[in-house]
Amino acid sequence: MVRCYWRAFVEQLGTRIRPEFMSYGRAEFARVYDLMDCISWGTGVMMGAGVFVYLPIIIKYVTGPGTVLAYLLGGLLVYTSVFSFAELASRFPHCGGTYVYNYTVFGEFVASLMGISLLLQHLVMAADVCISLTEHIDYLVFNNSLERFEEKQFSYDFGGDEIFAGYPHFLASLLVLLISVVLTTKSQVNNFVGSWANNISFIMVALIIFVGAFFVDFNNWFNIRGGFLPYGYTSVFKGAIVILSTYLGFVDLPCLSDESVRPKQDISNATHVSFFFVLVVYVAVSVVVSLAAPYYSVNPNFAMANIFMDVNVPWMAYVVEIGQRLSRLQL
């Protein structure tokens, strides 16, 4: 009897659902998203961290001016996954994305593992965004007094382990709780905030490219310490590996399948268009930033603001600094 139960349990873990039983015609959501809406949404979830967080770190510590090549190489590597997701979105036009694909192909057990890993991924992303946002609020408003208070009163030691911060971030925790309440109770507020955050992100990137183009200096590529690749040719591959995660927002696009007017066509096409648009933006911003200032002078925390302060455009520095923090609310 135990063997029978065990066999039934194993068979249940491998249960798969046939695609014809997931017809999108039975969805209860209002189908209001057309192709342009899907492209806008996909571009918004992909763009952000790659420009404002990873770019200055990679320029200063990993690749230098060669970050342009790293973004191109990383985009080329990621496009294999983008192409696969676009095909899967066309084959299985249902809300759920990665979970649905794994459930259909590999079964319930693999899909459950994937679902848990996705939840953990989004938890870490939300915590990272809130910590970054509150740190800059503390810097701009309280002159880091909150950080000093938390570090003095609540510091702890894990034996030199750098994984943990060393002290709790109370303001970030409150922000996570506030966002959770908004997401679970006010969907209209969530859509409004997300839409405006995407618009702010687009505006900030456009301003950085347009205004920064007036201050480019090709000496910052070739006539500086170390040249175009100060960390060697292998640094391009190291930068590309780090950059891979900045493109992964495309995995969230299938979530619109049950709300798209034409899910089989629009989700697939929007995945391709959004990816190539973001790739062009990443390359353009990396070109402007690496040409506007020497790689070794880039501040990894306030890169965009410091660059415009160095070229005597303080108003642009404040606009970009505030705008890029607000744009991170798109999560």
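Draft legend 1. Main features of the overall build of the protein chain. Regarding its fold elements, the protein chain presents 14 helices and 0 strands. In the protein chain, the succession of α and β elements from N to C terminus is α-α-α-α-α-α-α-α-α-α-α-α-α-α. Taking all 331 residues of the protein chain together, 39% fall into the buried category. Within the protein chain, contacts between residues separated by at least 24 positions form 79% of all contacts whose residues are at least 6 apart in sequence.

Draft legend 2. How the structure looks around helix H5 (residues 98-105). Most of H5 sits inside the fold, with 6 of its 8 residues counted as buried. Residues of H5 that are buried include every one of Thr 98, Val 100, Tyr 101, Asn 102, Tyr 103 and Thr 104, and no others.

Draft legend 3. Just the side chain of His 272, in detail. Summarising the element assignment, His 272 is placed in helix H12 (residues 263-292). The contact partners of His 272, leaving out residues within four places of it in the chain, are Tyr 79, Phe 83 and Ala 86.

Draft legend 4. Highlighting the packing of helix H2 (residues 35-46) against H12. The geometry of H2 relative to H12 is characterised by a closest axis approach of 8 Å and an angle of 45 degrees between their N-to-C directions. As the angle between them shows, H2 and H12 are arranged oblique. Where H2 crosses over H12, the two elements pack in a sense that is right-handed. Contact residues: H2 offers Leu 35, Cys 38, Ile 39, Gly 42, Thr 43 and Met 46, while H12 offers Asp 266, Ile 267, Asn 269, Ala 270, Val 273, Ser 274, Phe 275, Phe 277, Val 278 and Tyr 282. Its residues assigned to classes, the contact of H2 with H12 shows 11 nonpolar, 4 polar and 1 charged.

Draft legend 5. Looking closely at the environment of Leu 256. Looking at the secondary structure, you find Leu 256 in the loop between helix H11 (234-243) and H12. Taking C-alpha positions, Leu 256 is 9.8 Å from Val 32, a pair spaced 224 residues apart along the chain.

Draft legend 6. Region of the structure containing H2. With 12 residues, H2 should reach 16 Å at 1.5 Å per residue; the first-to-last C-alpha distance of 17 Å fits that figure. Within H2, burial applies to Cys 38, Ile 39, Gly 42, Thr 43, Gly 44 and Met 46. The opening residue of H2 is Asp 34, an N-cap whose side-chain oxygen sits 3.3 Å from the backbone nitrogen of Met 36.

Draft legend 7. Structural detail: the nonpolar core. Grouped together as the largest cluster of nonpolar side chains are 53 residues, with contacts concentrated most on Tyr 247, Val 285, Met 304 and Phe 308. When contributions to this core are tallied by element, the ones reaching two or more residues are H2, helix H3 (49-63), helix H4 (67-91), helix H9 (187-212), H12, helix H13 (303-310) and helix H14 (314-327).

Draft legend 8. Up close: a nonpolar patch on the surface. Nonpolar side chains collect at one region of the surface, where Val 105, Phe 106, Phe 109, Val 110 and Leu 113 lie side by side and expose about 440 Å² of accessible area between them. When residues in the nonpolar patch are grouped by element, the largest group, 3 residues, is from helix H6 (residues 108-141). Mapped onto the elements, Val 105 comes out in helix H5.

Draft legend 9. Geometry of the packing of aromatic side chains. One pass over the structure, following the stated rule, counts 14 aromatic pairs. Here Tyr 79 and Phe 83 contribute two aromatic rings whose centre-to-centre distance is 6.5 Å and whose plane-to-plane angle is 55 degrees, an arrangement assigned as tilted. With a gap of 4 residues between them, Tyr 79 and Phe 83 both fall in helix H4, about one helical turn apart. Between the aromatic rings of Trp 221 and Phe 222, the centroid separation amounts to 6.0 Å while the plane-to-plane angle is 85 degrees, which identifies the pairing as edge-to-face. A relative accessible area of 52% means that Phe 222 is categorised as exposed. Here the aromatic residues Tyr 71, Tyr 79, Phe 83, Tyr 247, Phe 275, Phe 276 and Tyr 282 are joined through ring pairs into a cluster of three or more. The aromatic ring of Tyr 296 is capped on one face by Arg 225, whose charged end is 4.4 Å from the ring centroid.

Draft legend 10. Summary view of the packing of H4 against H11. Running from amino to carboxyl end, H4 crosses H11 at an angle of 55 degrees, the nearest separation of the two axes being 8 Å. By the angle between their axes, H4 is oblique relative to H11. Like other packed secondary-structure pairs, H4 and H11 cross with a definite hand, here right-handed. Together, Leu 69, Ala 70, Tyr 71, Leu 73 and Gly 74 of H4 and Val 236, Phe 237, Gly 239, Ala 240 and Ile 243 of H11 make up the contact between the two elements. When grouped by side-chain class, the residues that make up the contact of H4 with H11 number 8 nonpolar, 2 polar and no charged.

Draft legend 11. Main features of the pattern of salt bridges. Considering all chains together, one arrives at 1 salt bridge under this definition. Here Asp 266 and Arg 262 are joined by a salt bridge, their closest N and O atoms 3.1 Å apart. The partly exposed category is assigned to Arg 262, whose relative accessible area is 44%.

Draft legend 12. Expanded view of the environment of Asp 266. Note that Asp 266 resides in helix H12. Relative accessible area serves as the criterion here: at 2%, Asp 266 is assigned to the buried category. Through-space distance from the C-alpha of Asp 266 to that of Ile 39 is 8.6 Å; in sequence the pair is 227 residues apart. Once residues within four sequence positions are removed from consideration, Asp 266 is found in contact with Tyr 33, Asp 34, Leu 35, Cys 38 and Ser 260.

The rules behind the values
- Residues numbered from 1 in each chain as written.
- Predicted model: local features only at pLDDT ≥ 70, side-chain atom pairs only at ≥ 80, totals over all residues.
- Heavy atoms only, no water.
- Helix = DSSP H or I, 4+ residues; strand = E, 2+ residues; numbered from the N terminus.
- Buried < 20%, exposed > 50% of the residue type's maximum accessible area, 1.4 Å probe, protein only.
- Contact = heavy atoms within 4.5 Å.
- Axes fitted to C-alpha atoms, helices over the stretch in contact; angles between N-to-C directions.
- Parallel < 35°, antiparallel > 145°, perpendicular 65-115°, else oblique.
- Left-handed = near helix turned anticlockwise from the far one by under 90°.
- Nonpolar A, V, L, I, M, F, W, Y, C, P; charged D, E, K, R; others polar.
- Expected span 1.5 Å × (residues − 1).
- Polar contact = N/O pair within 3.5 Å; in protein donor to acceptor, adjacent residues only side chain to side chain.
- Core = buried A, V, L, I, M, F, W, Y, C linked by side-chain atoms within 4.5 Å.
- Patch = residues over 30% accessible without salt bridge, like charges linked within 9 Å, V, L, I, M, F, W, Y side chains within 5 Å.
- Areas by Shrake-Rupley, 256 points an atom, 1.4 Å probe, with all protein chains shown as cover.
- Salt bridge = Lys/Arg side-chain N within 4 Å of Asp/Glu carboxyl O.
- Phe/Tyr/Trp six-rings, centres within 6.5 Å; stacked < 30°, edge-to-face > 60°.
- Lys NZ or Arg CZ within 6 Å of the ring centre and 35° of its normal.

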